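Fold and contact review
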Amino acid sequence: MSFPSFQPPLRTLLGPGPSEVHPRVLQACARPTLGHLDPAFLELMDQIKIQLQELFGTKNALTFPVSAPGSAGMEACFVNLVEAGDKVIIGANGVFSLRMRENVLRCGGIPIMVETAWGKSVEPGMIEDACRQNPDAKILAFVHAETSTGALSDAAALAQIARQNSLYTIMDAVTSLGGTPLTIDKWGIDAVYSGSQKCLSCIAGLSPVSFSERALEKIKQRNSPVQSWFLDMNLIMDYWKPGSKRSYHHTAPINSLYALHESLVMHAEEGAENVFARHQRVHLYLIHQLATQLPIQLKIFVEEKDRMPQLNAIAIPDHLKDTEANFRANLLTKYGIEIGGGLGPLAGAIWRVGLMGHGAREKNVDYLVHALRDLLS
Ligand SMILES: Cc1ncc(COP(=O)(O)O)c(C=O)c1O
């Protein structure tokens, strides 16, 4: 059987990710492939490490993109740091903290779920209580920007509680990295993972991670080997160490790394502070337009103090709740706009509008509001 080449339809990606990839990033991807141990490629790897260290706000030597999506970065943090019997306190406020629980269980650890209502930030006071009640806990894990709800948690406060209670901290920064200020050394985060396809506006399939010296010591002193060969940091370390003496671990996704490099070049060109300010400005513009430009007022599901700018959860009006999937399908077919539905208990209750990376622009808000106005009237 033969098929013609695939020609994707043009879309405006305003969902929870992937976000729109900048043409410069796509062009970088199309450059000629190098061997994964070619000196020119090794130089690129060194640069990516430095770019990611800057973005994460860290000097951690083990900072690099895992060759797989955010879920693999998540798994890399848990399989390396959690050993059988380890208690892990998880600040739970959405889908991705439930995945953390799943990871802990598969590592033979004991998850302690500290549950906050979906749509709210993880509550530091509740984490303090959990630390007091579980003095033998080893790790605190939480999602900085919970993509399933649009709530941003106070990572600095949570990490500080972890430090005060001698816990290691694992933070999910899949949706926060690049769109929201983040500085892991100052906050004292031990392991962090992110994704390339959200605020970095890169192609999907890479997961920037960073591990502190303290975390590395814990990994080196494990009683049992890390059960994942591919994600074992003891082995990957030698592949990502700076300089030319690298040992083969796996074939890096060469062209995807060109893309990541370019997206990080663009982030630095615009300036991190300017990128954060743009995300905030466009988020406020969306809220204003939703409140003033539609036949019915659409409300944001998350309270103002708990909101992140890059993922906006909109409460679906009652009369559309049963048909909201059709509504989204119309948005896609008529306007080529993708937005996300709710997950888990929020299915049918919210729409998720991502204004991430290159997609965080006023023109996208105008186009979405225009389409919403049409479909709502
Ligand atoms: C907060 C969060 N964590 C983890 C993931 C998993 O990342 P990926 O889909 O790249 O595997 C996502 C993806 O949407 C996410 O939003």
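Here, every reference points to the structure presented above.
Cut-off values and rules
- Residues numbered from 1 in each chain as written.
- Predicted model: local features only at pLDDT ≥ 70, side-chain atom pairs only at ≥ 80, totals over all residues.
- Heavy atoms only, no water.
- Axes fitted to C-alpha atoms, helices over the stretch in contact; angles between N-to-C directions.
- Helix = DSSP H or I, 4+ residues; strand = E, 2+ residues; numbered from the N terminus.
- Parallel < 35°, antiparallel > 145°, perpendicular 65-115°, else oblique.
- Left-handed = near helix turned anticlockwise from the far one by under 90°.
- Contact = heavy atoms within 4.5 Å.
- Nonpolar A, V, L, I, M, F, W, Y, C, P; charged D, E, K, R; others polar.
- Pairing = 2+ DSSP bridges.
- 1 Å grid on protein atoms, 1.4 Å probe; cavity = no way out; pocket = protein on both sides within 12 Å on 5 of 7 lines; lining within 4 Å.
- Points joined across faces, edges and corners; volume = space filled by probe spheres on them.

1. Overview of the packing of helix H11 (residues 272–292) against helix H13 (residues 362–376)
Running from N to C, H11 and H13 point in directions that differ by 20°, and their axes come no closer than 9 Å. Judged by the inter-axis angle, H11 sits roughly parallel to H13. Considering the relative orientation of H11 and H13, their crossing is right-handed. Contacts between H11 and H13 involve Arg-281, Val-282, Tyr-285, Leu-286, Gln-289 and Leu-290 from the former and Glu-362, Val-365, Asp-366, Leu-368, Val-369 and Leu-372 from the latter. Tallied by class, residues from the contact of H11 with H13 come to eight nonpolar, one polar and three charged.

2. Observations concerning the sheet that holds strand S11 (residues 311–315)
On the basis of which strands lie adjacent, the open sheet formed by three strands has the order S11-S14-S13 and antiparallel pairing. Each edge of the open sheet is held by one strand with a lone partner, namely S11 and strand S13 (340–341). Bridge count between S13 and strand S14 (residues 350–354): two bridges; the pairing is antiparallel. Across the sheet, Gly-340 pairs through a bridge with Arg-352, a residue of S14.

3. Here's the deal with the layout of surface pockets
Looking at the largest pocket, its volume works out to about 320 Å³. As for the largest pocket, its lining consists of 13 residues, and the residues nearest its centre are Leu-10, Arg-11, Leu-13, Glu-20 and Val-21. A breakdown of the residues in the lining of the largest pocket according to their chemical character gives 10 nonpolar, one polar and two charged.

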